[in-house]
Amino acid sequence: MSKTTNIIHSIPVDPLTGSISVPIYQTATFVQEAPGVNKGFDYARSNNPTRAVLEHMVAQLEGGTAAFAFATGLAAIDAVLKTLQSGDEIVAVEDIYGGAFRLFTHVYQKFGIKIHYVDTTEAENVLDYINNNTKLIWIESPTNPTLKITDIETVSKIAHAQHALVVVDNTFPSPIAQQPFALGADIVIHSGTKYLGGHSDLVAGLVVVNSEKLAADIKFIQNASGGILGPQDCWLLIRGIETLELRVERQCKTALQIAEYLTQCDEVDQVYYPGLASHKNHAIAKLQQQGLYGGVISFTLKEDTEAAAIKFVTSTQYFKLAESLGGVKSLCCHPAQMTHKSIPREKRLASGIQDSLIRLSCGIEGSEDLINDLKQAFKQCATTTLLTI
Ligand SMILES: Cc1ncc(COP(=O)(O)O)c(C=O)c1O
């Protein structure tokens, strides 16, 4: 069965009314016949029928046993960290998403959680940091914004030999391109804000697990800490996911065309995209992302300055200058001055985020139109350079 058929028909028709669209249960509580005698719902933090449909859908999409919806991607990450205890250790991908780095380092470190940041593009590097206290190996593949790839299957084997769990933040590839559970992962995270939602109109997060024990642990934390996703946003996310496969396939196709175009541009120095044969781990990406390399591309300019990058990102018309990614409208961003501004320059440079690095998130516009937009932006930059000489 095609993924889209499966997605669309995993959404139940409302048994009460026949509504083909999932009803938004905008309620705080549910009337009970007697204490504890109810229709499966008692209080909206603990459960909500709209949220239950979304959670079931995402669990199915990822091939997990259960999924849990949170207010944001970071709230989902936070829920997983709450399964740890003081003294536990995490081995995390070196260029982890900045918000996760901030949460790990500035919130959880003070509670006695130790984090080792490791270049996981060579899976064996994990062996140098894993020990009896290691509880989680935290992977993003591809990473944000330099699109580094980790071999999830090999890392999972290393982790399991040490009884550690593997968490994969699957935000960038989406479940259409990458199925971490099939590669050995134990927990999958999503910023639903990105590809799952797909329209840049909500923030949301998901934790997906592949065992009853983890499901019970995350369910407990979801209810105990309370960072749930509200029913309106659950509904928007359900609607977004209905077209996930169509959007992601088109975004990946466009991104590959744009990455190839960028490699031909005189103004461009490096192009980071796992779909290019020149990418360090292209062969692994090809296997574990089933030939769909994602809708995000990063590149640096030969004139490696923040000023040159800022001129470029303020010259595009279709690529709107904004944080976030994964939506139907193309976006561009300058990580040094936006998403990674809080990271000291030396540390940022060490993780490959150069001053001129520009990140593109391809939407669903025509690929020719997007390439023409980049061409005219390069032309504008060249004109400015000439005028200032
Ligand atoms: C890979 C990744 N994970 C998690 C998050 C956090 O998600 P949210 O912004 O929904 O909290 C982001 C946000 O950009 C991200 O890029």
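Residues numbered from 1 in each chain as written. Predicted model: local features only at pLDDT ≥ 70, side-chain atom pairs only at ≥ 80, totals over all residues. Heavy atoms only, no water.

## Some thoughts on the pattern of salt bridges
As a reminder of what qualifies: A side-chain nitrogen of Lys or Arg and a carboxyl oxygen of Asp or Glu constitute a salt bridge if their distance falls within 4 Å. Put simply, DSSP marks the helices as runs of H or I at least four residues long and the strands as runs of E at least two long, and each gets a number from the N terminus on. The cut-offs for exposure are 20% and 50% of the maximum accessible area for each residue type, with area from a 1.4 Å probe on protein chains only; residues under the lower value are buried, those over the upper are exposed, and the others partly exposed.
Throughout the structure, instances matching the rule amount to 10 salt bridges. The salt bridge involving Arg51 is made with Glu55; its shortest N-O contact spans 3.3 Å. Taken together, the residues Arg51 and Glu55, both in helix 2 (residues 49-62) and four residues apart, mark about one turn of the helix. Considered together, Arg51 and Glu55 belong to a single accessibility category, that of buried residues. Asp95 serves as the salt-bridge partner of Lys148, at 3.5 Å between the closest nitrogen and oxygen. Of this pair, Lys148 sits in the loop between strand 4 (134-140) and helix 5 (152-161) while Asp95 sits in the loop between strand 2 (89-93) and helix 4 (98-108), and the two are 53 residues apart along the sequence.

## Considering the site of the ligand
Selection criterion: Nearness is judged by heavy atoms alone; a residue qualifies as near a molecule or strand once a single heavy atom is within 4 Å of it. Two N or O atoms count as a polar contact when they lie within 3.5 Å, although within protein this holds only if one can serve as hydrogen donor and the other as acceptor, and sequence-adjacent residues are included solely when both atoms are side-chain atoms. Each accessible area is a Shrake-Rupley estimate made with a 1.4 Å probe; only the visible protein chains count as cover when residues are assessed. Throughout this entry, Asp, Glu, Lys and Arg are counted as charged residues, while Ala, Val, Leu, Ile, Met, Phe, Trp, Tyr, Cys and Pro are counted as nonpolar. The remaining residues, Gly among them, count as polar.
Within the structure, the ligand sits among 13 residues, and Gly73, Asp169, Ser191, Thr193 and Lys194 are positioned closest to it. Here an oxygen atom of the ligand sits 2.8 Å away from a polar atom, N or O, in the side chain of Ser191. For the ligand, whose free accessible area comes to 390 Å², the fraction covered by protein is 89%. Broken down by element, the shell around the ligand gets its largest block of residues, three residues, from helix 3 (residues 73-81). Tallied by class, residues from the shell around the ligand come to five nonpolar, six polar and two charged.

## Section: the confidence of the model for the chain
Note the following rule: What pLDDT expresses is the predictor's confidence in each residue, scored from 0 to 100.
Overall, the predicted model of the chain reaches an average pLDDT of 96, with 99% of residues at or above 70. When mean pLDDT is compared element by element in the chain, strand 1 (residues 66-70) scores highest at 99, while helix 12 (residues 345-350) scores lowest at 88.

## Focus: the environment of Gly240
Within the secondary structure layout, Gly240 lies in helix 8 (residues 231-242). In sequence terms Gly240 and Ile11 are 229 residues apart; their C-alpha atoms lie 12 Å from each other.

## Focus: the sheet that holds strand 12 (residues 358-361)
Put simply, the rule reads: Paired strands are those between which DSSP finds at least two bridges.
Ordered by their spatial adjacency, five strands build an open sheet running 8-9-12-11-10, and the pairing between neighbours is mixed. Each of the sheet's edge strands pairs with one partner strand only, and the pair in question is strand 8 (268-272) and strand 10 (320-321). Relative to strand 9 (residues 296-301), strand 8 runs antiparallel, the two sharing three bridges. Considered in strand 9, the bridge of Tyr272 is made with Ser298.

## Looking at the sheet that holds strand 2
As a reminder, the rule being used: All axes here are fitted lines through C-alpha atoms, helices being fitted over the stretch that makes contact, and every angle between N-to-C directions spans 0 to 180 degrees.
Spatial ordering of the open sheet is given by 1-7-6-5-4-2-3, a layout of seven strands whose pairing is mixed. One side of each edge strand has no neighbouring strand; the edge strands of this open sheet are strand 1 and strand 3 (114-118). Shown here is a sheet whose adjacent strand axes are inclined to one another by a mean of 20 degrees, direction ignored. When strand 5 (residues 165-169) meets strand 6 (residues 187-191), the two strands line up parallel, connected through three bridges. Bridge pairing links Asp169 to Ile189 in strand 6.

## Here we look at the packing of aromatic side chains
Condition: Aromatic pairing here means that ring centres of Phe, Tyr or Trp (its six-membered ring) are within 6.5 Å. Orientation follows from the plane angle: under 30 degrees is stacked, over 60 is edge-to-face, and everything else is tilted.
With the rule as written, the count across this model stands at eight aromatic pairs. Between Phe30 and Phe41, the ring centres sit 5.5 Å apart and the planes meet at 35 degrees, which makes this aromatic pair tilted. Of this pair, Phe30 sits in the loop between helix 1 (3-9) and helix 2 while Phe41 sits in the loop between helix 1 and helix 2, and the two are 11 residues apart along the sequence. Consider the rings of Phe299 and Phe312, whose centres lie 5.7 Å apart with planes at 85 degrees: the pair is edge-to-face. Remark: Phe312 occurs in helix 11 (residues 306-313) and Phe299 occurs in strand 9; sequence separation between them is 13 residues. On the accessibility criterion, Phe299 (0% relative accessible area) is buried. In textbook terms, an aromatic cluster arises when at least three aromatic residues are bridged by ring pairs, as seen for Phe299, Phe312 and Phe378.

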